[in-house]
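Residue-level structural notes
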Amino acid sequence: MEQEARIDEFLTVFVQRRAEELLAEQARERGIDLAHVTQVLFVDDANTGRSHVAAVIANGRGEGLIRARSGGVVPGEQIRPEIQELLRDRGFDPDEFTVTPMTGKLVLTSDVVVTMGLSDEEKVQMPTHGLHQVDWDDLTSLEGRSDLDVAFGEIEARVSELVDALLEKEKDLAEREADPEVEEELRRVIGELHDPERG
């Protein structure tokens, strides 16, 4: 049993690394510098509905500059059938998405963490470590809702506003001109690091 656990852990790490390699390869082909890709994590209670929907929308709207993932504080067993159908109707393959537990590593490798309808007790479990966190407390669960098209639209509007703001921030950073004096100071410090005698 212990041997199987080690194999499962290895496979999980292998798949994650391969996914990162494919992401980097696709980014390079599109001329995107992954150093400037904003990592967004959507977290809800079970990761079986709204957080997946939010991540799908963010990735589609992010122009390759937003990488969205999702996780659950107490993850369920699978994405709910009605959510799978909702994604399928909009051209997404729900088989590509799996329920993911919220882990410290998942949170700390994100630039922005969006909590979706979490209780105060659940938020305490979030190791945000000073990261930028957005709380969508009023975004209720999709479970039991019959108006999923309306629900999708609500999430889409909220996510689109967030993504647009993040893209605008990236644009501002890209267009910001460097201060010549600061650049000169950086060159001097780097030079001293490589040649201590110059200091």
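Below is a summary of the structure that appears in this document. Because the structure is a prediction, the values reported are computed rather than measured.

Concerning the nonpolar core
Ranked by internal contacts, the top residues of the largest apolar core, which has 31 residues, are Phe 42, Val 53, Val 114, Trp 136, Ile 155 and Val 159. Going through the elements one at a time, strand S1 (38-44), helix H2 (50-61), strand S2 (66-72), helix H3 (81-89), strand S3 (112-116), strand S4 (132-136) and helix H6 (148-175) are the ones with two or more residues in this core. Sort the elements by how many residues they give to this core and H6 lands first, with 9 residues.

As for the pairing of S3
Most of S3 sits inside the fold, with 5 of its 5 residues counted as buried. Inspection of the sheet shows S1 paired to S3 by 4 bridges, in the parallel sense. Within S3, the position partnered with Phe 42 by the bridge is Val 114. With 5 bridges connecting them, S3 and S4 associate as parallel partners. Bridge pairing in S4 links Thr 115 to Asp 135.

Description of H3
Those residues of H3 that fall on the buried side of the exposure criterion are Ile 83, Gln 84, Leu 86 and Leu 87. The buried residues of H3 occupy an angular sector of 160° when projected down its axis, which confines them to one face. For H3, the exposed residues lying more than 90 degrees away from the buried face are Pro 81 and Asp 89. Looking one or two residues beyond H3, the residue adopting positive phi is Gly 91, at roughly 90°.

As for the sheet that holds S2
Here we have 4 strands laid out as an open sheet, ordered S2-S1-S3-S4, and parallel in their pairing. Each edge of the open sheet is held by one strand with a lone partner, namely S2 and S4. Within this sheet the neighbouring strands show an average axis-to-axis angle of 20°, counted without direction.

Brief notes about the pattern of salt bridges
Tallied over the full model, the rule gives 9 salt bridges. Taking the shortest distance from any N to any O, the salt bridge between Arg 50 and Asp 45 comes out at 3.4 Å. On the basis of relative accessibility, which here comes to 4%, the residue Arg 50 falls in the buried class. The closest approach of N and O atoms between Asp 147 and Arg 145, which form a salt bridge, is 3.1 Å. What emerges from the salt-bridge pattern is a single network uniting Asp 44, Asp 45 and Arg 50.

A look at the environment of His 52
Structurally, His 52 can be placed in helix H2. Here His 52 falls in the buried class, since its relative accessible area comes to 4%. Once the C-alpha coordinates of His 52 and Ile 83 are considered, the two residues, 31 residues apart in sequence, prove to be 8.8 Å apart. When near neighbours in sequence (up to four residues on either side) are disregarded, His 52 contacts Asn 47, Ser 70, Ile 79, Phe 97, Thr 98 and Val 99.

Regarding the side chain of Ser 160
Position of Ser 160 relative to the elements: it lies in helix H6. Side-chain polar atoms of Ser 160 contact the backbone oxygen of Glu 156, separated by 2.7 Å. Dropping the residues within four chain positions of it, Ser 160 is found in contact with Ile 57 and Arg 61.

Reading the values: rules and limits
Residues numbered from 1 in each chain as written. Predicted model: local features only at pLDDT ≥ 70, side-chain atom pairs only at ≥ 80, totals over all residues. Heavy atoms only, no water. Core = buried A, V, L, I, M, F, W, Y, C linked by side-chain atoms within 4.5 Å. Buried < 20%, exposed > 50% of the residue type's maximum accessible area, 1.4 Å probe, protein only. Helix = DSSP H or I, 4+ residues; strand = E, 2+ residues; numbered from the N terminus. Pairing = 2+ DSSP bridges. Arc of directions from axis to C-beta. Axes fitted to C-alpha atoms, helices over the stretch in contact; angles between N-to-C directions. Salt bridge = Lys/Arg side-chain N within 4 Å of Asp/Glu carboxyl O. Contact = heavy atoms within 4.5 Å. Polar contact = N/O pair within 3.5 Å; in protein donor to acceptor, adjacent residues only side chain to side chain.

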